[in-house]
Amino acid sequence: MPDLLLELFSEEIPARMQRRAAEDLRKLVTDALVEAGLVYEGAKAFATPRRLALTVHGVPARSPDRSEERKGPRVGAPAGAIDGFLKAAGLASIDEAKVVADKKGDFYVAVTKKDGRPAPEVIAEIVPQIIRTFPWPKSMRWGAASAKPGSLAWVRPLHSILCTFGAETEDPEVVAFAVDGIAAGNVTRGHRFMAPDAITVKRFDDYMPKLEKAKVVLDADRRKDIILHAARDQALALGLELVEDEALLEEVAGLVEWPVVLTGTFEREFLDIPPEVIRTTIRVNQKCFVLRDPKTGGLANRFVLVANIEASDDGKAIVAGNGRVIRARLSDARHFWETDRKALPAYRDTDLKPLDQRLKKLRDQNIVFHEKLGTQGERVDRIRELARGIAPLVGADTEKAARAAELAKADLVSEMVGEFPELQGLMGRYYATAQGEDASVAAAVEDHYKPVGPNDRVPTDPVAIAVALADKLDTLTGFWAIDEKPTGSKDPYALRRAALGVIRIALDNRLRLPLTPFMAANIADHNVELRMADAKEVLVSARKLEEAGITKRGFGVDVLEKILGEKAAAEFARTSAQAAWERVQDLLAFFADRLKVQLREQGARHDLVDAVFALGGQDDLLLVVRRVEALGAFLDTDDGKNLLAGSKRAANILRDEEKKSGTKFDGAVDAALLKEPEEKALAAAIDAAMPEASAAVGREDFAGAMAALAGLRAPVDAFFDKVRVNDADPAVRANRLKLLNRIREATLAVADFSKVGG
Amino acid sequence: MAEPLPTHMRPERSFQGLILTLQRYWADYGCVVLQPYDVEMGAGTFHPATTLRALGPRPWKAAYVQPSRRPKDGRYGENPNRLQHYYQFQVIIKPSPPDLQQLYLNSLAAIGLDMKLHDVRFVEDDWESPTLGAWGLGWECWCDGMEVSQFTYFQQVAGFECSPVSGELTYGLERLAMYVQGVDNVYDLNFNGRDGAEKVTYGDVFLQAEQEFSRFNFEFADTEILKRHFEDAERECRHILVAGEREGSRHLAALPAYDQCIKASHAFNLLDARGVIAVTERQSYILRVRELAKACGKAWLETAGGGA
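Computed from a predicted model, the values in this text were never measured in an experiment.

1. Points about the overall build of chain A
When helices and strands are counted, chain A shows 25 helices and 18 strands. For 758 residues, the compact-globule estimate of 2.2 N^0.38 gives 27 Å, and chain A exceeds it by more than 25% at 37 Å. Across the 758 residues that make up chain A, the buried fraction comes to 51%. Considering only contacts within chain A whose residues lie at least 6 apart along the sequence, 68% involve residues at least 24 apart. Accessible surface, chain A: about 35,400 Å² in total, of which carbon and sulfur atoms supply 52%. Of note, chain A has its 110 positive side-chain charges centred 2 Å away from the centre of its 118 negative side-chain charges.

Structure follows, in structure tokens:
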């Protein structure tokens, strides 16, 4: 069967968009082919900086004939309905419709036959449409055509389209179409500098090798492979190792059509700069790799660049040019590194250490963290107080935690972080160390941002844990207080990541940490502040009204001030506390959701998480997880399964009875009314198990609590086996229902069994 | 080029030789070669020959050198790369020709960059000027890892869609000269292409100015006066725009109004360098300049140059 080859040749496509664009092209074209009845065998798309290419093989030469049926009105329907049907179906008279019978009678059905069409005709319709509506993240207009509205938009100017269709055994035809004056043909071009001439192509089989000859490696994964292996080999030849970097590799593979890997050198003295800084400078600004010396474990004074040409001097000029830029960049970095460890001119006369001067500068500049959440300085104060509160609970020295929290954001005003924001935290650690801060304080300055992503390291040192939790809880409570919660895919302040960070820190470090107190205080503070700000606005407007002579003296400001000063204060406190409490509950529910996601990824059942959170007041993440684990283990046993079944049965009966009678059966069981041995045994077993389970929960021995409940399984089974709840004597019946309620109460010691599935 | 240039005029020998070569190249292509605009501005894009001429339907080809003032980038002459006053070579062609990339590469060849030896790359760079209400798509052009130019297809200027789209090239002249001359410090650039006692360096011409203007930008500039300048320029711009407006016929004074917009922008840049603009105020200053730019663009579209 024939193959389709499509190439869209343009000016340089941004590297970060290429892979996605190739995939979009493949999906859009093949979906449209299938939609048109052209079911193909396989397809593959490619991207280079200057082209998107797609090969679809095994496409039928024609689309199949199709007949479509359209159901019309009932036979004998009013003329208007018949006419409408004829018009919609494109029939000349009702005689052309056939009559079909169903349960309700006879109906008209219009059958329209659509003949299949040659595939090139279909392709010539599909492809221009896809080009015109291609989902580039950003597209542009260009040239003389852009004088008119509706001109073609592409990621960068589109120069040519290659589109051929045909079987292997014959010469393929050029699919005839044009988009904004660009006619599809069978010609492409090779490498911009090394093989710029036109190349005539038949099909994918000769397209790829001809491009390769014209110094274009079409497949991005092959370009990556070439770069990676050449870089490793050149490193090895120097006795060094490549510092691998997948994101950089992907990017540079999108910047070249013909990768040529070269190695250059910079002065050894630059290695005094922290290695992360060297790597970031070289990576971000120059898109080059760095090498590691396995003997020292540190960086080597080398860099690996990926050029796009085979230069006539074997790359000497290219290496020299890149080396010069890298040296200039490293000089800048060294300048930042040195400046940041020295006094700031404006604070030279204070007795503050360099990083403390930066903190002072951060405060003095009143840099806004968020319009409604105050300045960075205020944020630092809040984090410090939170860290102080958390420290004793996580075994950290309170003063060290406070110190680390204070310094944590100071590097934001350093020159280095100004230039490379991704080095925040890390530079803070270097600068803290340089001014002789305690090692765990310095480490906490770096680690308080962690974990950043799912693969990032979780802090383990207590001081770092305290500050990392404080930072994240401040962010979460702040945005919860002003009601800027994540919605759908929108999470501009990375709040999900912050919550997940808290969860991972708590669980990985097995921390016992009730969250409510820390959340409540912070949210309440924000709340009162915001409402006070509102009140101040009222006052200001009142003053303005008075100044403008709109309100009369005597009724004006002084009265309002008095009211707001006295009564409003109390009212603020009351309603703020109420509102704050609701926000805290909402934030806890958010944590529960994140925890569910996290536990599900580890294979835990999310219904068990629900069953535990349904108990209420669960704000200690580690305890929640322990309960979930114990519950999961228990429900895997026969005792657990049967007790769950028994408790669900009890709950169902109770629910029905409560509904019917409108009363609850939550009173004490009357021992005198117990007649059957099985119900006596059950009552006794519950009386024994409940305190035992509660005591175990009190000791946080959830397995023990489950074991205590396991003892209920046999009596519950026996009860349902032998005892009829629905006794003729209403008092006995009510007493038995109360007994069922006791089963539910007993299990509530560990989880809400009604939330457990299955 | 017709006849071989004398050594001291060659683009790789002197800063001025580089400028002359680019001017010749683009003049040969058909551009009008303008002289720098006589108002201080942050980039060649602010020149009315770019900002205003990019608007409207009339074709336009121009090339010019524009001194660019970035008060915040002053380093008292101590940094080998950063200057508060430097030169941009600007090319603007409307509509963008289909072979603009090749024209650009040929201009690099004209200044002596051999494409068989050097690795020239077009690296994504989306350009946006919040103060001009303008954006475009294009690239940073790299030569052996050094950014030597910016290449932009204007999509919007002064809040108006460009139709047709212009192509804009901006060469960072000092950087490019450092590259072709092979020097690492801008002040070491050979300015006039002579040797020995005759040689004049970039430092001979500009080092003192960099030192003095850094002092002015960061320390001496009177911020009250600057604020007044900003407000005066803003007021004057609005005043001119109103005075020149004629219902149903062409605007009479788009260009003088736009001069005031550039002045306001420069006053803002100086205030910013003096560190007296709070973070929250910054945005509002930028918006105020953008409003002026938009109003000037609108007025320009009502003039003959704007196609009215």
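2. Topic: the sheet that holds strand β13 (residues 241-242) of chain A
Residues and elements named next belong to chain A. Pairing in this open sheet of four strands is antiparallel, and the strands run β13-β15-β16-β14 from one edge to the other. Edge positions in the open sheet fall to β13 and β14 (260-265), since each of these has one partner strand only. Where strand β15 (residues 289-292) and strand β16 (residues 299-307) come together, three bridges link them in antiparallel fashion. Paired with Arg292 across the strands is Leu299, a residue of β16.

3. Remarks on empty space enclosed by the protein
Taken as a whole and judged by the stated rule, the model has three cavities of 30 Å³ or more. Put simply, the largest cavity is a space of about 130 Å³. Lining the largest cavity we find 18 residues, and of these Glu12(A), Pro49(A), Leu255(A), Asn308(A) and Arg121(B) sit closest to its centre. For the lining of the largest cavity, the element with the highest residue contribution is strand β4 (residues 120-124) of chain B, accounting for four residues. Looking at the lining of the largest cavity residue by residue, the class counts come to nine nonpolar, three polar and six charged. For the second largest cavity, the lining is made up of 13 residues, of which Gln286(A), Lys287(A), Val306(A), Arg121(B) and Trp142(B) are closest to its centre. When contributions to the lining of the second largest cavity are tallied by element, the ones reaching two or more residues are β16 of chain A together with β4 of chain B. Looking at the lining of the second largest cavity residue by residue, the class counts come to seven nonpolar, three polar and three charged.

4. Overview of the interface of chain B and chain A
Contacts between chain B and chain A engage 42 residues on the former and 44 residues on the latter. Of the roughly 3,400 Å² buried between chain B and chain A, counting both surfaces, carbon and sulfur atoms make up 52%. If you sort the residues of chain B by the area they bury against chain A, Leu117(B), Arg121(B) and Glu124(B) come out on top, with a joint share of 16%. The tally of links between chain B and chain A comes to six salt bridges. A salt bridge links Glu124(B) to Arg16(A); the shortest N-O distance between them is 2.6 Å. At the boundary of chain B and chain A, one finds 20 residue pairs in polar contact (both at pLDDT 80 or more). Those elements that provide at least two residues to the side of chain B that touches chain A are α3 (100-110), β4, β6 (134-143), β7 (146-157), α4 (173-181) and α8 (279-300) of chain B. Residue composition of the side of chain B that touches chain A, grouped by class: 21 nonpolar, eleven polar and ten charged.

5. With respect to the packing of helix α1 (residues 15-29) of chain B against α3(B)
All names here are of chain B. Where α1 meets α3, the axes come as close as 9 Å, and the angle between the chain directions of the two elements is 140°. With respect to each other, α1 and α3 are oriented oblique. Read as a crossing pair, α1 and α3 show a hand that is right-handed. On α3, the residues touching Thr21, Leu22, Tyr25, Trp26 and Tyr29 of α1 are Leu103, Tyr104, Asn106, Ser107 and Ala110. For the contact of α1 with α3, the residue count by class is seven nonpolar, three polar and no charged.

6. Regarding the nonpolar core
Phe591(A), Trp26(B) and Tyr202(B) are the most contacted members of the largest nonpolar core, which totals 239 residues. Take this core: its biggest share by element is 13 residues, from helix α15 (residues 462-481) of chain A. Dropping the residues within four chain positions of it, Phe591(A) is found in contact with Leu473(A), Leu476(A), Ala499(A), Val502(A), Ile503(A), Leu515(A), Met519(A) and Leu621(A). Phe46(B), Ala49(B), Ala134(B) and Ala264(B) belong to the second largest nonpolar core, which has 46 residues in total.

7. A closer look at the environment of Leu631(A)
Residue and element names in this part refer to chain A. Structurally, the position occupied by Leu631 is in helix α20 (residues 621-635). You can call Leu631 buried: its relative accessible area is 0%. Separated by 396 residues in sequence, Leu631 and Ala235 have C-alpha atoms that sit 54 Å apart. Leave out the neighbours within four places in its chain, and Leu631 touches Leu608, Ala611, Val612, Met706, Ala751 and Phe753.

8. Thoughts on the packing of helix α22 (residues 677-698) of chain A against helix α23 (residues 702-710) of chain A
All names here are of chain A. Between α22 and α23, the least distance of the axes is 7 Å, while the angle of their chain directions is 170°. In this view, α22 runs roughly antiparallel relative to α23, as classed from their interaxial angle. In contact with Ala689, Glu692, Ala693, Ala696 and Val697 of α22, α23 contributes Phe702, Gly704, Ala705, Ala708 and Leu709. Tallied by class, residues from the contact of α22 with α23 come to eight nonpolar, one polar and one charged.

9. Some details on the pattern of salt bridges
Residue and element names in this part refer to chain A. On inspection of all chains with the given rule, the structure shows 81 salt bridges over all chains. Across the salt bridge formed by Asp171 and Lys202, the nearest N and O atoms sit 3.5 Å from each other. Taken together, the residues span a long stretch of sequence, with Asp171 in the loop between β7 (158-166) and β8 (173-174) and Lys202 in the loop between β12 (198-200) and α4 (204-213) at a distance of 31 residues. With a relative accessible area of 57%, Asp171 lands in the exposed category. A salt bridge links Arg512 to Glu700; the shortest N-O distance between them is 2.5 Å. With Arg512 in the loop between α16 (495-508) and α17 (516-547) and Glu700 in the loop between α22 and α23, this pair connects stretches of sequence that are 188 residues apart. Look at Arg512 and you get partly exposed, because its relative accessible area is 33%. Its relative accessible area of 27% is what places Glu700 among the partly exposed residues. Salt bridges here are not isolated pairs; linked through shared partners, they connect Asp356, Arg363, Asp381, Arg384, Glu385, Arg388, Glu399, Arg403, Glu406 and Glu437.

10. Re the environment of Ala521(A)
Residue and element names in this part refer to chain A. With respect to the element layout, Ala521 can be found in helix α17. The partly exposed category is assigned to Ala521, whose relative accessible area is 45%. Separated by 59 residues in sequence, Ala521 and Ala580 place their C-alpha atoms 8.7 Å apart.

11. Quick look at the layout of surface pockets
Which parts of space are left empty comes out when a probe the size of a water molecule is rolled across the atoms. All names here are of chain A. Considered as a void within the structure, the second largest pocket measures approximately 1,000 Å³ in volume. Surrounding the second largest pocket, 38 residues form its lining, Pro421, Glu422, Gln424, Tyr449 and Val452 being those nearest its centre. In terms of residue count, helix α7 (residues 275-286) provides more of the lining of the second largest pocket than any other element does, six residues in total. Among the residues forming the lining of the second largest pocket, the class breakdown is 17 nonpolar, seven polar and 14 charged. The residue makeup of the lining of the second largest pocket includes at least three contributed by each of domain 3 (220-340) and domain 4 (346-520).

12. Regarding the domain arrangement of chain B
Residue and element names in this part refer to chain B. Domain annotation for chain B reports domain 1 (7-216) and domain 2 (222-300). Here the C-alpha centroids of domain 1 and domain 2 sit 25 Å apart. On the domain 2 side, the residues contacting the 23 residues of domain 1 number 22 residues. Note on domain 1 versus domain 2: buried area summed over both sides is about 2,000 Å², and carbon and sulfur give 73% of it. Scanning the region where domain 1 abuts domain 2 turns up one salt bridge. In this structure, the salt-bridge partner of Asp272 is Lys72, at a minimum N-O distance of 3.5 Å. The interface formed by domain 1 and domain 2 includes eight residue pairs in polar contact (both at pLDDT 80 or more). Of the residues in the side of domain 1 that touches domain 2, the class split is 13 nonpolar, six polar and four charged.

13. Notes on the confidence of the model for chain A
Residue and element names in this part refer to chain A. Model confidence for chain A is summarised by a mean pLDDT of 89, while 93% of its residues fall at 70 or above. Here α17 stands out as the element of chain A with the lowest mean pLDDT, 66, in contrast to helix α5 (residues 220-237), whose mean of 98 is the highest. In this model, residues 551-557 is a region of pLDDT below 50 whose contacts with residues beyond four sequence positions or in other chains number nine contacts.

14. Considerations on the sheet that holds strand β4 (residues 66-74) of chain A
All names here are of chain A. Strand order in the open sheet made by the three strands is β4-β6-β5, with antiparallel pairing throughout. What marks the edges here is a single partner per strand, and that holds for β4 and β5 (98-102). Sheet twist, expressed as the average angle between the axes of neighbouring strands with direction ignored, equals 35°. Bridge count between β4 and strand β6 (residues 105-114): seven bridges; the pairing is antiparallel. Note on β6: the bridge partner recorded for Arg66 is Lys114.

Cut-offs and rules
Residues numbered from 1 in each chain as written. Chains lettered and ligands numbered in written order. Predicted model: local features only at pLDDT ≥ 70, side-chain atom pairs only at ≥ 80, totals over all residues. Heavy atoms only, no water. Helix = DSSP H or I, 4+ residues; strand = E, 2+ residues; numbered from the N terminus. Rg over C-alpha atoms; globule rule 2.2 N^0.38 Å. Buried < 20%, exposed > 50% of the residue type's maximum accessible area, 1.4 Å probe, protein only. Contact = heavy atoms within 4.5 Å. Areas by Shrake-Rupley, 256 points an atom, 1.4 Å probe, with all protein chains shown as cover. Lys, Arg positive; Asp, Glu negative; His and termini not counted. Charge placed at Lys NZ, Arg CZ, Asp CG, Glu CD. Pairing = 2+ DSSP bridges. 1 Å grid on protein atoms, 1.4 Å probe; cavity = no way out; pocket = protein on both sides within 12 Å on 5 of 7 lines; lining within 4 Å. Points joined across faces, edges and corners; volume = space filled by probe spheres on them. Nonpolar A, V, L, I, M, F, W, Y, C, P; charged D, E, K, R; others polar. Buried area = accessible area lost by both parts, 1.4 Å probe. Salt bridge = Lys/Arg side-chain N within 4 Å of Asp/Glu carboxyl O. Polar contact = N/O pair within 3.5 Å; in protein donor to acceptor, adjacent residues only side chain to side chain. Axes fitted to C-alpha atoms, helices over the stretch in contact; angles between N-to-C directions. Parallel < 35°, antiparallel > 145°, perpendicular 65-115°, else oblique. Left-handed = near helix turned anticlockwise from the far one by under 90°. Core = buried A, V, L, I, M, F, W, Y, C linked by side-chain atoms within 4.5 Å. Domains from an automatic or database assignment. pLDDT = per-residue confidence, 0-100.

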